[in-house]
Every structure is written in structure tokens, then in C-alpha cells.
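Analysis of the macromolecular model
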Amino acid sequence: MNTQNQTHFGFEQVGEDDKARRVADVFDSVVQRYDLMNDLMSGGLHRLWKAFTIGRSGVREGSRVLDVAGGSGDLSLAFARRVGKSGQVWLTDINNAMLTRGRDRLADKGFLLPVAQCDAEKLPFPDAYFDCVSLAFGLRNMTHKDQALAELFRVLRPGGRLLVLEFSCIWKPLAPIYDAYSFKIIPRVGELVTQDEASYRYLAESIRMHPDQETLQSMMEDAGFENVEYFNLTMGVVALHRGFKF
Ligand SMILES: C[S@@+](CC[C@H](N)C(=O)[O-])C[C@H]1O[C@@H](n2cnc3c(N)ncnc32)[C@H](O)[C@@H]1O
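In this report, the structure presented in the accompanying data block is examined. (Residues numbered from 1 in each chain as written. Predicted model: local features only at pLDDT ≥ 70, side-chain atom pairs only at ≥ 80, totals over all residues. Heavy atoms only, no water.)

**Description of the pattern of salt bridges**
Scanning the model with the defined rule gives 16 salt bridges in all. One network of salt bridges, in which partners are shared, links Asp35, Lys50, Asp74, Arg101 and Arg105. (Salt bridge = Lys/Arg side-chain N within 4 Å of Asp/Glu carboxyl O.)

**Things to note about the site of the ligand**
Neighbouring the ligand are 18 residues; Tyr34, Ala69, Asp93, Ala120 and Ala136 lie closest to it. Separating a nitrogen atom of the ligand from a side-chain N or O atom of Asp119 is a distance of 2.9 Å. Ala136 places a polar main-chain atom, nitrogen or oxygen, 2.9 Å from a nitrogen atom of the ligand. Taking 600 Å² as the accessible area of the ligand by itself, protein coverage stands at 95%. When its residues are assigned to classes, the shell around the ligand shows ten nonpolar, five polar and three charged. (Near = heavy atom within 4 Å. Polar contact = N/O pair within 3.5 Å; in protein donor to acceptor, adjacent residues only side chain to side chain. Areas by Shrake-Rupley, 256 points an atom, 1.4 Å probe, with all protein chains shown as cover. Nonpolar A, V, L, I, M, F, W, Y, C, P; charged D, E, K, R; others polar.)

**Observations regarding the side chain of Thr7**
Among the structural elements, Thr7 can be located in strand S1 (residues 6–9). Contact partners of Thr7, with chain neighbours within four places excluded, come to Glu12, Gln13, Val14, Gly15, Glu16, Lys19 and Thr143. (Helix = DSSP H or I, 4+ residues; strand = E, 2+ residues; numbered from the N terminus. Contact = heavy atoms within 4.5 Å.)

**With respect to the packing of aromatic side chains**
Counting across every chain of the model gives eleven aromatic pairs. Note on Trp49 and Phe137: the rings are 6.3 Å apart at their centroids and 50 degrees apart in plane angle, and the pair reads as tilted. Here Phe137 lies in the loop between strand S6 (130–136) and helix H6 (145–155) and Trp49 lies in helix H3 (residues 45–55), a separation of 88 residues in the sequence. Site record: aromatic cluster; members linked through ring pairs are Trp90, Phe125, Tyr129 and Phe130. Sitting over the ring of Tyr129, Arg64 keeps its end group 4.0 Å from the ring centre. (Phe/Tyr/Trp six-rings, centres within 6.5 Å; stacked < 30°, edge-to-face > 60°. Lys NZ or Arg CZ within 6 Å of the ring centre and 35° of its normal.)

**Thoughts on helix H9 (residues 213–222)**
Helical geometry note: an α-helix holds 3.6 residues per turn, so side chains three or four residues apart project in the same direction. Here H9 has its buried residues at Gln213, Leu216, Gln217, Met219 and Met220. Angular distribution of buried residues about the axis of H9 spans 160 degrees; they occupy a single face of the element. In this structure, the buried residues of H9 make contact with H6, strand S7 (156–167), strand S8 (226–233) and strand S9 (238–244). Positive backbone phi, at 115 degrees, marks Gly224, one or two positions downstream of H9. (Buried < 20%, exposed > 50% of the residue type's maximum accessible area, 1.4 Å probe, protein only. Arc of directions from axis to C-beta.)

**Here's the deal with H6**
Residues of H6 that are buried: Lys145, Ala148, Leu149, Glu151, Leu152, Phe153 and Val155. In this structure, the buried side of H6 is in contact with helix H1 (16–30), strand S3 (64–68), S6, S7 and H9.

**Focus: the packing of helix H2 (residues 34–42) against helix H7 (residues 175–194)**
Running from N to C, H2 and H7 point in directions that differ by 145 degrees, and their axes come no closer than 11 Å. H7 is crossed by H2, and the crossing has right-handed handedness. For the pair H2 and H7, the contacting residues are Leu36, Met37, Leu40 and Met41 in the first and Tyr181, Ile186, Val189, Gly190, Val193 and Thr194 in the second. Broken down by class, the residue content of the contact of H2 with H7 amounts to eight nonpolar, two polar and no charged. (Axes fitted to C-alpha atoms, helices over the stretch in contact; angles between N-to-C directions. Left-handed = near helix turned anticlockwise from the far one by under 90°.)

What follows is the structure, given as C-alpha cells:
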């Protein structure tokens, strides 16, 4: 008998441990072509979404930043350029392959950042330490989103801010065309580029299972964040949620 608590992995019901293992398999499988696929799938738009996120971060020279589920390190790199030598940017991820890729990419660009392999639900950092915490395209994959949000809140200093960039609910009239693109084209491109159609089907399904803009806003408020607002990007394909700890 399966005694694990149940959750979802895309449209499938699975045990919580199975979900964590399958999410790990997804990123182990796609890591080598992860950045190329981001550019192909979004037509380069993910760069603009991330630039928008940096612009709302308030991060400046000397800031301490935690990039959670940072993967191949796009946000960490942009933050590192802002904080200068007197600041600190931690690149973290649960997945060793993604973290190694991120660390190596940053080193190639001349940034040797501290890295930590850790679960967002149990962060190995002290209370009230960071000025800014970012989480881009990671929350969707997490099993206990409330627990992760509570941890992000804990490690922020009073006055600090959380930025959650994630796929969201697209403007309704565009949903049919977006569905066709997500379920028919993206898995095929995934198959061609990474020989892994299933991971990109999971991507499309997990986006549909993720809380919409208003729900995520309430979840952040429940975790203790204040002045929570969101910005729809590209008609809600993606939303940036921002909240403060006071
Ligand atoms: C789609 S990638 C996003 C990477 C990067 N933030 C970006 O925007 O390109 C999602 C990342 O979330 C990580 N992840 C999934 N579950 C996690 C967890 N519970 N804690 C920390 N990282 C997690 C994965 O390993 C993966 O690297």
C-alpha cells in the first residue's frame, strides 16, 4: 500500500517522494540543453522577464541576495553585477547538475559566487539575513509551496523583498492558441533538442496546475508578506509577484 501523501506531478497524482524524484529526473535530463531550450521556447522572452525582475528587486551595491532554485544562474549573474564586491549573491538549487551548471557558467563569466545545494523548503541560512530573495520558475516544481514561502520569509531581513517569477494564467482569449503551442509544439521541440519529450510535457502540465495570480498573491500574504503585488508579463504567460517583509 502506498502510504505517501499524494500530490501532483503535472496532471498525474503521485506520492510526495515520487514527485521530488521525478522533478529531479526532469532537471538531470534537460540540464545540458536547459538554456538553449529557454531561448527556443520563449523566443528569447525569458531574458526580458528576468530583466524586469531585476529591475523590481531594489538590489544595489552591497546587497545580500539569495537566488533560490537558481539553476543555471541567469538571475544570480545579473544580481552579482549589481551588488559589486561589497555585496553577496548565493546561487542555490536542490539539483546538483543544475547547480554545477550554474556555478560553471558564472565562473566562465568571471563571477565566483557561493553556492549551496539545498531544498527551498529547508534553507540552511540564518533568520533575517538577506535583503532580497528571488525564485524564478522554481515554485511550480515544489511539493510544499507554503513551507517554501515560509522559509523565504524567514531568511529575509525586515524591509527585504521576495520576487517570485513564474508561469501563470494567460489572458483568457489567448488560452486556446497558448494551449496548442504548449501541448503540441513545446514537447516536440523538447524531443528534438533534448530527446526528452516527457519533461517538456511535464512543463506544460505543471503550468496548468500552478496557482493563478490571485491565489499566489494570497499564499504570499498567508506566509507573512505585505504589500504583495503582481505584474503580468506577456499577457500573463508569466507573472512576477513581489512582496515585502516588514
Ligand atoms: C525551471 S528551473 C529554473 C532555473 C532558474 N531559476 C531560471 O530561471 O532559469 C527550476 C529549478 O528549480 C529547482 N528546484 C525544484 N525543486 C526545488 C526545491 N524544492 N528547492 C530548490 N530548488 C528546486 C530545479 O532543480 C531547477 O533547477
